[in-house]
Each structure stands twice: as structure tokens, then as C-alpha cells.
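Read off the chains here:
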Amino acid sequence: DSQHGAINKLLINNNTLLALQDTGFAAVGFKDRQLLNEGSESQLVLGTGSILSYVQYISTKTGCRNKWSVIDLDRNFMWFDASNRKIMRYGGEGLEILSDSKNMSGWFKETYPSYREPDLDSDVHAVVDKKDNRVYFTFLRKELNPVEGGSLEYSVSRTISYNLMMGTFESLHSFTPQIFLETEIGLMSTGGVGSVGTT
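Definitions and limits used
- Residues numbered from 1 in each chain as written.
- Predicted model: local features only at pLDDT ≥ 70, side-chain atom pairs only at ≥ 80, totals over all residues.
- Heavy atoms only, no water.
- Helix = DSSP H or I, 4+ residues; strand = E, 2+ residues; numbered from the N terminus.
- 1 Å grid on protein atoms, 1.4 Å probe; cavity = no way out; pocket = protein on both sides within 12 Å on 5 of 7 lines; lining within 4 Å.
- Points joined across faces, edges and corners; volume = space filled by probe spheres on them.
- Nonpolar A, V, L, I, M, F, W, Y, C, P; charged D, E, K, R; others polar.
- Pairing = 2+ DSSP bridges.
- Core = buried A, V, L, I, M, F, W, Y, C linked by side-chain atoms within 4.5 Å.
- Buried < 20%, exposed > 50% of the residue type's maximum accessible area, 1.4 Å probe, protein only.
- Contact = heavy atoms within 4.5 Å.
- Salt bridge = Lys/Arg side-chain N within 4 Å of Asp/Glu carboxyl O.
- Phe/Tyr/Trp six-rings, centres within 6.5 Å; stacked < 30°, edge-to-face > 60°.

1. Remarks on the environment of S171
Point 1. Looking at the element boundaries, S171 is found in strand 14 (residues 168-173).
Point 2. For the pair S171 and T159, spaced 12 residues apart in sequence, the C-alpha separation works out to 8.5 Å.

Have a look at this one:
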């Protein structure tokens, strides 16, 4: 439904195609099997449905504007909802507002500014460290620097980690890379930018 904005991320979770829009989160039926009647009331066979057989909205109160904040964890996935300024998680147990259930909603509201349309100067990206079972969320915000001739530069930047084993937000980090890279030997990142926080 276009009233919920652009489709910013598509992913498959538990054999279900999921679509994240600006303000919506939907499950999409993709070539689902259907029961077909061959003419006799007792004979039913499996057939292939249409390519996109249905769309069912899981929520129209949450969405995702920052596609790089989506982390696929096989059984569930996490993302940052910029409109509500919350970390969300969806999986077999349904939809959870992770930042609220872990008593961190105030920190995310303070870190990420109220959404302005269009807000091209804020970025959120995340990565999973499979070796240490952590998810890192980095928040970058460009603001005008009057000293450098009014140019936009990252000035409000923070990174927070979520420990998957302990199920809690674990630490603030002073290093705020502009991008994370997943490699065979572990996580790599580009140079960090100025930040507020502790290591």
C-alpha cells in the first residue's frame, strides 16, 4: 500500500517474504501453494498460486526508513524505526519494541532527532558480530559547521551494542564508523568520526 511509503527493505524470514516500508511492515505471499479441486469433491491437489498472492500487514505503526539498519539473524531480525525512534525485533514470538522492553527508549529518543521530511542528514547502520554475538547500531548525524564555511559534517555520532547472548543493550562505544564491513576474519570498518560516549 503506497500510503505507507516506499519499500525500503525486502527479506525472507522463516520462509516468509517480508517488506519494510517507511511506516508499514508486511508479509507478502510469494508463489504460495494452493489446494485445487480436480472436479471430484474428494480429489484435491496442490497447485502454485500467483506470484504475489496476498499482502498482510503485520503493523502499520512501525516501519523502516534506514535500510542499512536492518539485521537478519536467521530466526528473527532487528531494525531501527526512525519515525518512532525505537529498535524493533520481529521473529517467531511476534513483533517486539526492543528498546522499550530493555528500558532504553529514552536514550534512542535523545540520540536520534525527531524525523523531518526530508531528513537526508541522518543515517543509521548496523552490523552483527557473529564471533562475539553482538549487534552494533551506529547513529550518524550531519550538522552545519560554521567554522568550515557552513559545510555539513558528522557531529553527533554514537554507537551502541546489543548482546545477543545476554539479551540486553551492553555498551556505548566512542568509535563511530561510517560503514561496517563483514569479512571472513571478522568485522572491519572505515575511519570513525567524532563521537559522544564511552568505550
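2. Quick word on the layout of surface pockets
Point 1. In this structure, the largest pocket spans a volume of roughly 340 Å³.
Point 2. Taken together, 16 residues make up the lining of the largest pocket; nearest its centre are W68, A126, V127, F180 and E182.
Point 3. No other element matches strand 11 (residues 122-129), which puts 5 residues into the lining of the largest pocket.
Point 4. Looking at side-chain class alone, the lining of the largest pocket contains 8 nonpolar, 2 polar and 6 charged residues.

3. Some details on the pairing of strand 15 (residues 180-183)
Point 1. Across 4 bridges, the pairing between strand 15 and strand 16 (residues 186-189) is antiparallel. Paired with T183 across the strands is G186, a residue of strand 16.

4. A look at the nonpolar core
Point 1. Core analysis: the biggest nonpolar cluster contains 20 residues, and F108 and F139 have the highest contact counts within it.
Point 2. For this core, the secondary structure elements donating two or more residues are strand 8 (76-81), helix 2 (105-111), strand 11, strand 12 (134-145) and strand 13 (151-163).

5. Description of the environment of T60
Point 1. The topology assignment puts T60 in the loop between strand 6 (52-59) and strand 7 (71-72).
Point 2. Residues T60 and Q21 lie 39 residues apart in sequence; the distance between their C-alpha atoms is 9.2 Å.
Point 3. Ignoring sequence-local partners within four residues, the contact set of T60 consists of H4, T23 and G24.

6. What about unusual backbone geometry?
Point 1. The phi dihedral of D74 falls on the positive side, at around 70 degrees, and the residue is not glycine.
Point 2. Tracing the chain through its elements places D74 in the loop between strand 7 and strand 8.
Point 3. The backbone phi angle of R85 is positive, close to 55 degrees, even though this residue is not glycine.
Point 4. As for its placement among the helices and strands, R85 is situated in the loop between strand 8 and strand 9 (86-91).

7. Focus on the pattern of salt bridges
Point 1. The tally for this structure, following the rule as stated, stands at 5 salt bridges.
Point 2. Here R65 makes a salt bridge to D22, at a shortest N to O gap of 3.5 Å. One end of the pair, R65, is in the loop between strand 6 and strand 7; the other, D22, is in the loop between strand 2 (16-21) and strand 3 (25-30), and 43 residues separate them in sequence.
Point 3. A residue is classified by how much of its surface remains accessible, and R65, at 23% relative accessible area, is partly exposed.

8. Section: the pairing of strand 2
Point 1. Looking at chain direction, strand 1 (residues 7-13) and strand 2 are connected through 6 bridges and run antiparallel. What sits directly across from L10, in strand 2, is A19.

9. Concerning the packing of aromatic side chains
A ring pair, where both rings are aromatic, is described by two values, the distance of the centres and the angle of the planes.
Point 1. Within this structure, the stated rule accounts for 15 aromatic pairs.
Point 2. A centroid spacing of 6.1 Å and a plane angle of 65 degrees characterise the contact between F77 and Y90, whose relative ring orientation is edge-to-face. Residue F77 is found in strand 8, and its partner Y90 is found in strand 9; the two are separated by 13 residues along the sequence.
Point 3. Using a relative accessible area of 0% as the deciding quantity, one classes F77 as buried.
Point 4. Look at F108 and F169: their rings are 5.4 Å apart centre to centre, the planes differ by 65 degrees, and that puts the pair in the edge-to-face class. Of this pair, F108 sits in helix 2 while F169 sits in strand 14, and the two are 61 residues apart along the sequence.
Point 5. F108 sits in the buried class, given a relative accessible area of 0%.
Point 6. These aromatic residues form a ring-pair network of at least three members: F80, W107, F108, Y112, F139, Y162 and F169.

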